[in-house]
Amino acid sequence: DIQMTQSPSFLSASVGDRVTINCKASQNINKYLNWYQQKLGEAPKRLIYNTNNLQTGIPSRFSGSGSGTDFTLNINRVEPEDFSVYYCQQSNSWPLTFGSGTKLEIK
Amino acid sequence: VQLVESGGGLVQPGKSLKLSCSASGFTFSSYGMHWIRQAPGKGLDWVAYISSSSGTVYADAVKGRFTISRDNAKNTLYLQLNSLKSEDTAIYYCARKDLVDWGQGVMVTVSS
């Protein structure tokens, strides 16, 4: 199975900051890396698919980059509604696997 | 697109439960579907997938105990959970193929 390692596990930021969340795959997953946001008590929401494609309706302050084994989610100018948990997920091969999550907290 | 799970509850270890996911707003028969779970306070854990042609894939942790199936005439996805363990306690979500559309989730608690 492909292991997905996310860092950091917790991230403190202020409104307006730029934040970066990292995700490392245990083997090459090509471009097949997706990012999700999950707010408390809600189902996850897909933000980005295939490394850098913004899901319809997601604000442009979210962006993704990377290839192979190393990937990044960036949030430019964090808004109050962005404070939640973020997960990466690989869709290169079965079984699908998720990172352990990054909780973005208000500083 | 709407996905609504049902069938969760409290069940004893070793017992069985069947979850349902009622789909609407899209041509259900044309899409593969997933079950994904989340233990209380923990991360996301993919469980199983069924293709539009009913091919199936399972996570190792549930292989041989859980069965995913679908009834296209009823627009419904199922997950049969057998030989339940305490570590199966989680919110179970159904989701459409690309994991864009998710249900609200249903809680399964395995405890004596």
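Residues numbered from 1 in each chain as written. Chains lettered and ligands numbered in written order. Predicted model: local features only at pLDDT ≥ 70, side-chain atom pairs only at ≥ 80, totals over all residues. Heavy atoms only, no water.

Undergrad: Which parts of the structure should I look at to understand the overall build of chain B?
TA: When helices and strands are counted, chain B shows 0 helices and 10 strands. Along chain B, helices (α) and strands (β) appear in the sequence β-β-β-β-β-β-β-β-β-β when read from the amino end. Scaling as 2.2 N^0.38, a compact globule of 112 residues should have a C-alpha radius of gyration of about 13 Å, and chain B matches this with 13 Å. Relative to its full complement of 112 residues, chain B shows a buried share of 47%. Taking contacts inside chain B between residues at least 6 apart in sequence as the whole, the part at least 24 apart equals 52%. Only carbon and sulfur atoms are counted for the fraction: they give 45% of the accessible area of chain B, which is about 5,000 Å². Computed over 11 positive and 8 negative side-chain charges, the inter-centroid distance for chain B is 5 Å. (Helix = DSSP H or I, 4+ residues; strand = E, 2+ residues; numbered from the N terminus. Rg over C-alpha atoms; globule rule 2.2 N^0.38 Å. Buried < 20%, exposed > 50% of the residue type's maximum accessible area, 1.4 Å probe, protein only. Contact = heavy atoms within 4.5 Å. Areas by Shrake-Rupley, 256 points an atom, 1.4 Å probe, with all protein chains shown as cover. Lys, Arg positive; Asp, Glu negative; His and termini not counted. Charge placed at Lys NZ, Arg CZ, Asp CG, Glu CD.)

Undergrad: In this structure, what is going on with the state of the cysteines? I would like to understand it.
TA: Put plainly, two cysteines are in a disulfide when a covalent bond ties their sulfur atoms together. Counted by the stated rule, this structure contains 2 disulfides over all chains. Disulfide pairing is shown between C23 of chain A and C88 of chain A; the S-S distance is 2.0 Å. Around the S-S axis, the bridge from C23 of chain A to C88 of chain A shows a dihedral of about 70° and counts as right-handed. Here the residue C23 of chain A occupies a position in strand β3 (residues 19-25), and C88 of chain A occupies one in strand β9 (residues 85-90), the gap between them amounting to 65 residues. Taking relative accessible area as the criterion, C23 of chain A reaches 2% and is therefore assigned buried. The class of C88 of chain A is buried, set by a relative accessible area of 0%. One disulfide in the model links C21 of chain B with C94 of chain B; its S-S distance is 2.1 Å. Taking the torsion about the S-S bond as the criterion, the C21 of chain B to C94 of chain B disulfide, at about 60°, is right-handed. One end of the pair, C21 of chain B, is in strand β3 (residues 17-24); the other, C94 of chain B, is in strand β9 (residues 90-96), with 73 residues separating them in the sequence. For the pair C21 of chain B and C94 of chain B, one class covers both residues: buried. (Disulfide = S-S within 2.5 Å.)

Undergrad: Can you walk me through the interface of chain B and chain A in this structure?
TA: How big an interface is tends to be stated in terms of accessible area lost as the parts join. Every contact between the two is made by 17 residues of chain B and, on the other side, 14 residues of chain A. Of the roughly 1,300 Å² buried between chain B and chain A on both sides combined, carbon and sulfur atoms contribute 69%. Together, L44, W46 and L99 of chain B form the three largest contributors to the area buried by chain B at its contact with chain A, with a combined 40%. Seen at the junction of chain B and chain A, the total is 0 salt bridges. Seen at the junction of chain B and chain A, the total is 4 residue pairs in polar contact (both at pLDDT 80 or more). (Buried area = accessible area lost by both parts, 1.4 Å probe. Salt bridge = Lys/Arg side-chain N within 4 Å of Asp/Glu carboxyl O. Polar contact = N/O pair within 3.5 Å; in protein donor to acceptor, adjacent residues only side chain to side chain.)

Undergrad: What's the story with the environment of I58 of chain A in this structure? I'm lost.
TA: Residues and elements named next belong to chain A. Position of I58 among the secondary structure elements: in the loop between β6 (53-54) and β7 (62-67). Remark: the alpha-carbon pair of I58 and L47, spanning 11 residues in sequence, is separated by 6.2 Å. Discounting chain neighbours no more than four positions away, the residues touching I58 are K45, R46 and L47.

Undergrad: Honestly, the sheet that holds strand β1 (residues 4-7) of chain A in this entry has me stumped. Any pointers?
TA: Note: strands within a sheet are paired through backbone hydrogen bonds, in either parallel or antiparallel orientation. Residue and element names in this part refer to chain A. The antiparallel open sheet is built from 4 strands, whose spatial order is β1-β3-β8-β7. Strands at the two margins of the open sheet, each flanked by one partner only, are β1 and β7. Neighbour-to-neighbour, the strand axes of this sheet turn through a mean angle of 20°, independent of strand direction. Both β1 and β3 contribute to a ladder of 4 bridges, which runs antiparallel. Considered in β3, the bridge of T5 is made with K24. (Pairing = 2+ DSSP bridges. Axes fitted to C-alpha atoms, helices over the stretch in contact; angles between N-to-C directions.)

Undergrad: Got a minute to help me understand the pattern of salt bridges in this structure?
TA: Side-chain pairing between opposite charges can occur once the charged atoms of the two side chains come close. This model, assessed by the stated rule, comprises 9 salt bridges over all chains. Notably, a salt bridge pairs R61 of chain A with E81 of chain A, separated by 3.5 Å at the nearest N-O pair. Taken together, the positions of R61 of chain A in the loop between β6 and β7 and E81 of chain A in the loop between β8 (70-75) and β9 put the pair 20 residues apart, joining distant regions of the chain. Judged by its relative accessible area of 41%, E81 of chain A falls in the partly exposed class. Between D45 of chain B and R37 of chain B there is a salt bridge, with the nearest N and O atoms lying 3.0 Å from each other.

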